[in-house]
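Observations on chain architecture
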Amino acid sequence: MITNNLYAVMLRQGQVPIAFDKANLIVPPHLDTNKHLSQMQARFNEIKIRFDLLQPLVKKEIYRGHLGIEIK
C-alpha cells in the first residue's frame, strides 16, 4: 500500500500508541456512540449476571480463609 501519510500505514511492529502528534497527522476513527453504548450495556449485563452467579463462591473461599496469593 503506497500512501503519502506514513503514519496511516500499520507497519510490521503493529499499532503504536502516539504520545504527541504535533503535525496532526493522525486521524482518529469515527466513534458510533449509539453502537458503543449498546455494546457497553450488553457487556455490563453479562458481567452483572456472572458476578451474581460467582459471588457466593468467592465469599465461601474468603470465609474459609483463602484470601488468594500475595501479589509482589
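Anything mentioned here points back to the structure above.
Attention in this report is confined to the structure presented alongside it. Quick caveat: nothing in here was measured; it's all calculated off a predicted structure. (Residues numbered from 1 in each chain as written. Predicted model: local features only at pLDDT ≥ 70, side-chain atom pairs only at ≥ 80, totals over all residues. Heavy atoms only, no water.)

Tallying secondary structure elements over the chain gives 1 helix and 0 strands in all. Evaluated residue by residue, the chain yields a buried proportion of 0% over its 72 residues. When the accessible surface of the chain is summed, it comes to about 7,800 Å², and 62% of that surface belongs to carbon and sulfur atoms. (Helix = DSSP H or I, 4+ residues; strand = E, 2+ residues; numbered from the N terminus. Buried < 20%, exposed > 50% of the residue type's maximum accessible area, 1.4 Å probe, protein only. Areas by Shrake-Rupley, 256 points an atom, 1.4 Å probe, with all protein chains shown as cover.)

This part covers the pattern of salt bridges. Enumeration over the complete set of coordinates arrives at 2 salt bridges. R43 is the partner of E46 in a salt bridge, and the nearest nitrogen-oxygen pair spans 3.3 Å. With a gap of 3 residues between them, E46 and R43 both fall in helix α1 (residues 33–63), about one helical turn apart. (Salt bridge = Lys/Arg side-chain N within 4 Å of Asp/Glu carboxyl O.)

Okay, a nonpolar patch on the surface next. Where nonpolar side chains cluster on the molecular surface, the patch consists of V58, I62, Y63 and L67 and spans about 480 Å² of accessible area. The residue Y63 is located in helix α1 in this model. (Patch = residues over 30% accessible without salt bridge, like charges linked within 9 Å, V, L, I, M, F, W, Y side chains within 5 Å.)

Time to look at α1. The terminal C-alpha atoms of α1, which comprises 31 residues, lie 43 Å apart, in line with the 45 Å expected from a rise of 1.5 Å per residue. L54 marks the point of greatest bend in α1, at about 40°, and the proline P56 comes within the next four residues. Positive backbone phi, approximately 95°, marks G65, located one or two places after α1. (Expected span 1.5 Å × (residues − 1). Bend = angle between axes of the 7 residues up to and from the residue.)

That is the geometry; function is a separate question.
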